[in-house]
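# Examining the three-dimensional arrangement
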Amino acid sequence: QVQLIESGGGLVQAGGSLRLSCAASGRTFSSYAMGWFRQAPGKEREFVSAISWSGVTYYADSVKGRFTISRDGAKNTVYLQMNSLKLEDTAVYLCAAGGSRTKVVAGTADYWGQGTQVTVSS
């Protein structure tokens, strides 16, 4: 059974930092692209960042320069380092994994986690 388990969310003040983790189990994801999406209340799910199997990274314009995605193949884990957090970053952050970067960025990933809440306060 394939699972993506997110962790690291929480409450942080604006300007602060959080590091999200997504641990994958049930198969090896070294050949998969992985990524992060977020969904705020009343809004559609939006792409945040993705990383290809070879380590090429992609970011939404809204987080470029503030967020950094990385992966540890040995641990089957992908991370999202979030710095300079803003109120508008408040959302549930979901991990995704797919057979191609295109699928992940398009939101049609093969696997999804349940999400972790990130709340940024003023």
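Please refer to the structure placed before this passage.
Per-chain numbering applies: the sequence of each chain, read as written, is numbered from 1 onward. The predicted nature of this model means local features are confined to residues of pLDDT at least 70 and side-chain atom pairs, given and counted, to a pLDDT of 80 or more, with totals for whole chains, interfaces and linings taken over all residues. The basis for every side-chain value is the complete set of non-hydrogen atoms in the structure, without hydrogens or water.

### Re the overall build of the protein chain
The cut-off we apply is this: For helices the rule is a DSSP run of H or I covering at least 4 residues; for strands it is a run of E covering at least 2, with both sets numbered from the N terminus onward. Here the globule rule is a power law, 2.2 Å times the number of residues to the power 0.38, and the radius of gyration is based on C-alpha atoms. Burial classes follow relative accessibility: with a 1.4 Å probe on protein chains only, a residue under 20% of its type's maximum area counts as buried, one over 50% as exposed, and anything between as partly exposed. What makes two residues a contact is simply this: any of their non-hydrogen atoms within 4.5 Å. Reported accessibility uses the Shrake-Rupley method at a 1.4 Å probe radius. Residues are deemed covered only where the shown protein chains occlude them. In this tally, Lys and Arg are treated as positive and Asp and Glu as negative; His is ignored, and so are the chain termini. By convention, the charge on Lys lies at NZ, on Arg at CZ, on Asp at CG and on Glu at CD.
What the protein chain contains, in helices and strands, is one helix and eleven strands. Reading the protein chain from its N end, one meets helices and strands in the order β-β-β-β-β-β-β-β-β-α-β-β. Here the C-alpha radius of gyration of the protein chain, 13 Å, is about what a compact globule of 122 residues would show, namely 14 Å. When its C-alpha atoms are laid out on the principal axes, the protein chain stretches across 40 × 25 × 25 Å. Here the protein chain, with 122 residues, has 43% of them falling under the buried criterion. Long-range pairs, those at least 24 residues apart, make up 57% of the contacts in the protein chain between residues at least 6 apart in sequence. Here the protein chain has roughly 6100 Å² of accessible surface; of this, 48% comes from carbon and sulfur atoms. Between the mean site of the 12 positive side-chain charges and the mean site of the 8 negative ones, the protein chain shows a separation of 5 Å.

### A look at the nonpolar core
A general tendency of soluble globular proteins is for nonpolar side chains to be buried together. Rules: Buried Ala, Val, Leu, Ile, Met, Phe, Trp, Tyr and Cys residues form a nonpolar core when they are joined through side-chain atoms within 4.5 Å.
Counting 35 residues, the largest nonpolar core has Met-34, Trp-36, Leu-80, Met-82 and Tyr-93 as its most contacted members. Sorting the residues of this core by element identifies strand E3 (18-25), strand E4 (33-39), strand E5 (46-51), strand E7 (67-72), strand E8 (77-82), strand E9 (91-98) and strand E11 (116-121) as the ones contributing at least two each.

### Here we look at the packing of aromatic side chains
To keep it simple, the criterion reads: Aromatic contacts are taken between Phe, Tyr and Trp rings whose centres are within 6.5 Å, Trp giving its six-membered ring; a plane angle under 30 degrees counts as stacked, one over 60 as edge-to-face, and the others as tilted.
The tally for this structure, following the rule as stated, stands at five aromatic pairs. A ring pair is formed by Phe-29 and Tyr-111, whose centres lie 5.7 Å apart and whose planes are at 80°; its orientation type is edge-to-face. Here Phe-29, found in the loop between E3 and E4, pairs with Tyr-111, found in strand E10 (residues 111-112); they are 82 residues apart in sequence, far enough to count as distant. Relative to Phe-47, the ring of Phe-37 has its centre 5.6 Å away and its plane inclined at 75°; by these criteria the two rings are edge-to-face. Remark: Phe-47 occurs in strand E5 and Phe-37 occurs in strand E4; sequence separation between them is ten residues. For the pair formed by Phe-37 and Phe-47, the shared burial category is buried.

### A word on the state of the cysteines
Test applied: Here, a disulfide means two cysteine sulfur atoms that sit within 2.5 Å of each other.
One pass over the structure, following the stated rule, counts one disulfide. Residue Cys-22 pairs covalently with Cys-95 via a disulfide, S to S 2.0 Å. A torsion of -80° about the S-S bond marks the disulfide between Cys-22 and Cys-95 as left-handed. Highlighted residues: Cys-22 in strand E3 and Cys-95 in strand E9, separated in sequence by 73 residues. The class for Cys-22 is buried, based on a relative accessible area of 0%. Look at Cys-95 and you get buried, because its relative accessible area is 0%.

Structural measurements only, silent on function.
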